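Analysis of the macromolecular model
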Amino acid sequence: MQIRKAKYLIRAVALLALTFSLASAYDPGPLQDCCVFVNGKFCNDPKLTSANDFFFSGLNVSRSTSNPLRSNVTAVNVDNLARLNTLGISLAHVDFAPYGLNPPHIHPCGSEFIIVLEGTLYVGFDTSNGDGNRLFTIMLYPGDVFVFLIGLIHFLLNVGNTNAIAFAGLSSQNPGVITIANAAFQVDKNLVEYLQKQF
Ligand SMILES: *[C@@H]1O[C@H](CO)[C@@H](O)[C@H](O)[C@H]1NC(C)=O
Ligand SMILES: *[C@@H]1O[C@H](CO)[C@@H](O)[C@H](O)[C@H]1NC(C)=O
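Residues numbered from 1 in each chain as written. Chains lettered and ligands numbered in written order. Predicted model: local features only at pLDDT ≥ 70, side-chain atom pairs only at ≥ 80, totals over all residues. Heavy atoms only, no water.

As for the site of ligand 2
Near ligand 2 you find Arg63, Ser64, Asn67 and Asn72, and these make up its full shell. Contacts to ligand 2 include Ser64, whose backbone N or O atom sits 3.0 Å from an oxygen atom. One of the side-chain nitrogen or oxygen atoms of Asn72 is found 2.3 Å away from an oxygen atom of ligand 2. Protein chains shield 42% of the accessible area of ligand 2, which is 360 Å² for the free molecule. Here the shell around ligand 2 is built from residues that sort into no nonpolar, 3 polar and 1 charged. (Near = heavy atom within 4 Å. Polar contact = N/O pair within 3.5 Å; in protein donor to acceptor, adjacent residues only side chain to side chain. Areas by Shrake-Rupley, 256 points an atom, 1.4 Å probe, with all protein chains shown as cover. Nonpolar A, V, L, I, M, F, W, Y, C, P; charged D, E, K, R; others polar.)

Written out as structure tokens, the structure is:
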């Protein structure tokens, strides 16, 4: 009886070890189904959580593109869908009027991949100093997917004379945005001339 128990135990441990070794080939999962209070965000008591806590709607409606860039980004991240807290994912919906631009920007905390639903987008990203500061660009059509690496400058331009729509998935619940133009183009004209002379 003892031996049979021991054998059973060994088999169980071996199975468990196999499960863990298989599991470690994947990204680690979230540590809890329903968090309580993490990263300064409140989450619901699991017993009081409902489907609505996981829900966001309205991305079927095009946003206004009456602005100088003729584009509009709707982000769904931990700020407007609290249950994304600790999950490391978010998404964005981008509307473009004809020739609308999502100007060069960085997401410091997440990689991004986009899928074009409508229109023709010319997109690109710039690699880092170590990779030779190369600019990669490509034309994307409906159904095309493209990836922007975390922290690299990228842009999306609607080159068609119709509206365009893209969806983006990001590997962070709060990827952050630094728009290069907003940060850099406020530099004084004399300083820009000085900086240009250095190259
Ligand atoms: C968007 O979806 C909402 C909710 O399902 C629906 O009420 C609304 O009519 C839809 N709007 C458009 C423009 O499709
Ligand atoms: C984006 O669209 C929303 C809703 O249409 C509008 O309230 C907002 O002002 C728009 N943002 C920009 C930058 O145009």
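Here we look at the packing of aromatic side chains
Tallied over the entire structure, the rule returns 4 aromatic pairs. Measuring from ring centre to ring centre gives 5.2 Å for Phe125 and Phe136, while their planes differ by 20°; the resulting arrangement is stacked. Linking Phe125 in strand β7 (residues 121-126) with Phe136 in strand β8 (residues 135-140), this pair joins segments that are 11 residues apart in sequence. With relative accessibility at 12%, the residue Phe125 sits in the buried group. (Phe/Tyr/Trp six-rings, centres within 6.5 Å; stacked < 30°, edge-to-face > 60°. Helix = DSSP H or I, 4+ residues; strand = E, 2+ residues; numbered from the N terminus. Buried < 20%, exposed > 50% of the residue type's maximum accessible area, 1.4 Å probe, protein only.)

Focus: the side chain of Gln173
With respect to the secondary-structure elements, Gln173 resides in the loop between β11 (164-170) and β12 (178-179). Separated by 2.4 Å, the side chain of Gln173 and the backbone nitrogen of Thr86 make a polar contact. Within polar-contact distance, the side chain of Gln173 engages the backbone nitrogen of Leu87 at 3.3 Å.

Digging into the UniProt feature "binding site: Mn(2+)" (unreviewed entry) in the protein chain
When the UniProt feature table is mapped onto this chain, "binding site: Mn(2+)" (unreviewed entry) is found at His105, His107, Glu112 and His154. Spanning 50 residues, the annotated positions come together in the fold, the maximum distance between their C-alpha atoms being 11.9 Å. Here His105 lies in strand β5 (residues 101-106). For His105, the contacting residues outside a window of four places in its chain are Leu152, Ile153, His154, Leu156, Val177, Ile178, Thr179 and Ile180. For His105, the side chain forms a polar contact with the side chain of His107, separated by 3.3 Å. Overall, the relative accessible area of 8% leaves His107 in the buried class. Residues within four places of His107 in sequence aside, it is in contact with Glu112, Ile150, Gly151, His154, Leu170, Pro175, Gly176 and Val177. Within the local environment of His107, its side chain forms a polar contact with the side chain of Glu112, the two groups lying 2.9 Å apart. (UniProt positions renumbered as here; feature names shortened; annotations may be inferred. Contact = heavy atoms within 4.5 Å.)

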